[in-house]
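Summary of the model geometry
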Amino acid sequence: RRKFEANFKLKVVNFAKEHNNCAAASQYGVTEKMGRDWKANEGALKSMPSSKCALRRGTPHWSELEKHVADMVHEHRQNGYVVTCMFALQWAKSNPDHSKGFKATVSWCTRFLERHNLVLRQKTKIAQKLPADLDGKVSLFHRYVIQQRKKHGYALSQIRNMDETPMNFDMVGNKTVNPKGAKTVLIKTTGHEKSSFTVVLACTADGAKLRPMIIFKRKTMPKIKFPVGVFVHVNEKGWMDEEGVKLWLDNVWSGLRQERSLLVWDMFRAHLTTSTKKRLARINTDAAVIPAGLTSLVQALCLNKSFKDRIREQWNEWMVSGEKSFTKGGNMRAPQLDVLCNFVIKAWNDIDAETVIKSFKKCGISNSLDGMEDDFLWHDEGD
């Protein structure tokens, strides 16, 4: 298939005006129909850049699909999930009435990204995503936390941090011991590397850890008995939303002594809704919201990496010697949901209280107000 720039089309149009459509088609190697169509759209051709081949404006052809995909992109990225244009094709297959003829072509994907101010990005290092006004934002956050602590006199047990972290059914590591010289290094999985769920962790500045909440991607609650040490919720997309925050506050947070407390969490949309703020006020909880881009510095739950490493160790053990089930075709099934719950409980219990206490001080959330513990800020072991 050939494509023609606007300046070429105008040359054909001008030649056709001087001679005729047949002569223009012969002279420039195009069909007469092309010449007639270009003459009819001469005004539009003159108004567009000379090097452009097509003028696409107005409402997208699949507006309902684009709206859904754009919303999904923002929701996925809020939760740290990878997004590709294949999600659009998956939605189109399940909603044929709003996506007739949709094929998720490369050109559509490119135009969709442009229309919604999106780009394809490589995963960045922490140092690359810190805000330009880093010091100012960190100082303002610390100042607010200190003001709240002086005003309300929270006990360390009432200063808490909560965070959601995405997990996969297959927690595959990137490295393995292998004989030298091998050109290919294979790591066996169940094939569910992209099947995900969300774990909600919370801890207190005195080292206590709240019961984990797990959100599985389902429409209905499975009819199995889950372990006692975890609260299980289901969501069609498998991530936290406003309803999930409500359930977490009612079933995990409210199980603690409800003296006035401080909850430190990030700027996730569901944390900032009016209904969430009202619910926090009813349970005597003040919120300290971590500014965008600063979670790596002032999020006490930087423990997530240690937590995931412990989950990965258990998954490796399960792959080697755990009880498994298989499909009729012989494919290994992913770990059962109750097995995943046990992974989460054990990994969370294995993180000791002293590590939790240090993480709060390292982030400047629970340090002594007399300044004697300021040296703990961003202090790494071995410094």
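Before any of the text, the structure's been laid out above.
Below is a short write-up of the structure. Keep in mind that this is a model prediction, so the values were computed, not measured.

Rules used throughout
Residues numbered from 1 in each chain as written. Predicted model: local features only at pLDDT ≥ 70, side-chain atom pairs only at ≥ 80, totals over all residues. Heavy atoms only, no water. Buried < 20%, exposed > 50% of the residue type's maximum accessible area, 1.4 Å probe, protein only. Helix = DSSP H or I, 4+ residues; strand = E, 2+ residues; numbered from the N terminus. Pairing = 2+ DSSP bridges. Axes fitted to C-alpha atoms, helices over the stretch in contact; angles between N-to-C directions. Parallel < 35°, antiparallel > 145°, perpendicular 65-115°, else oblique. Left-handed = near helix turned anticlockwise from the far one by under 90°. Contact = heavy atoms within 4.5 Å. Nonpolar A, V, L, I, M, F, W, Y, C, P; charged D, E, K, R; others polar. Arc of directions from axis to C-beta. Phe/Tyr/Trp six-rings, centres within 6.5 Å; stacked < 30°, edge-to-face > 60°.

1. Quick word on the pairing of strand E3 (residues 213-217)
Taken across its five residues, E3 has four buried, putting it largely inside the fold. Relative to E3, strand E2 (residues 196-204) runs antiparallel, the two being bridged by three bridges. Bridge pairing links valine 200 to methionine 213 in E3. Note: E3 against strand E4 (residues 231-235), five bridges, orientation parallel. Paired with lysine 217 across the bridge in E4 is asparagine 235.

2. A few points about the packing of helix H2 (residues 21-28) against helix H3 (residues 32-40)
In the contact formed by H2 and H3, the axes pass within 8 Å of each other and the chain directions differ by 115 degrees. Classed by the angle they form, the pair H2 and H3 counts as roughly perpendicular. Both H2 and H3 take part in a crossing whose hand is right-handed. Each of Asn21, Cys22 and Ala25 in H2 lies in contact with H3, whose residues at this interface are Glu32, Arg36 and Lys39. Split by residue class, the contact of H2 with H3 holds two nonpolar, one polar and three charged.

3. Details of helix H10 (residues 274-282)
In an α-helix, one turn spans 3.6 residues; hence positions three or four apart end up facing the same way. Within the span of H10, buried status applies to Thr276, Arg279 and Leu280. Along the axis of H10, the buried positions cluster into a sector of 100 degrees, meaning they face one direction only. Turned more than 90 degrees away from the buried face of H10, the exposed residues are Thr274, Lys277, Lys278, Ala281 and Arg282. Residues of H10 that are buried in the fold lie against helix H9 (242-251), strand E5 (261-265) and strand E6 (285-289). Phi turns positive, to about 60 degrees, at asparagine 284, one or two residues after H10.

4. Observations regarding the pairing of strand E1 (residues 159-168)
Counted residue by residue, E1 has eight buried out of 10 residues, so it is predominantly covered. Sheet topology places E1 next to E5; three bridges connect them, and they run parallel. By the bridge assignment for E5, asparagine 161 is matched with valine 264. Pairing between E1 and E2: nine bridges, direction antiparallel. For glutamate 164, the partnering residue across the bridge sits in E2 and is valine 200.

5. As for the packing of aromatic side chains
In this structure the tally under the stated criterion is 10 aromatic pairs. Seen in terms of ring centroids, phenylalanine 4 and tryptophan 38 are 5.5 Å apart; in terms of plane orientation they differ by 65 degrees. Their pairing is edge-to-face. With phenylalanine 4 in the segment before helix H1 (6-18) and tryptophan 38 in helix H3, this pair connects stretches of sequence that are 34 residues apart. The pair formed by phenylalanine 4 and tryptophan 38 is uniform in burial state, with each residue classed as buried. Look at phenylalanine 15 and tyrosine 28: their rings are 5.7 Å apart centre to centre, the planes differ by 85 degrees, and that puts the pair in the edge-to-face class.

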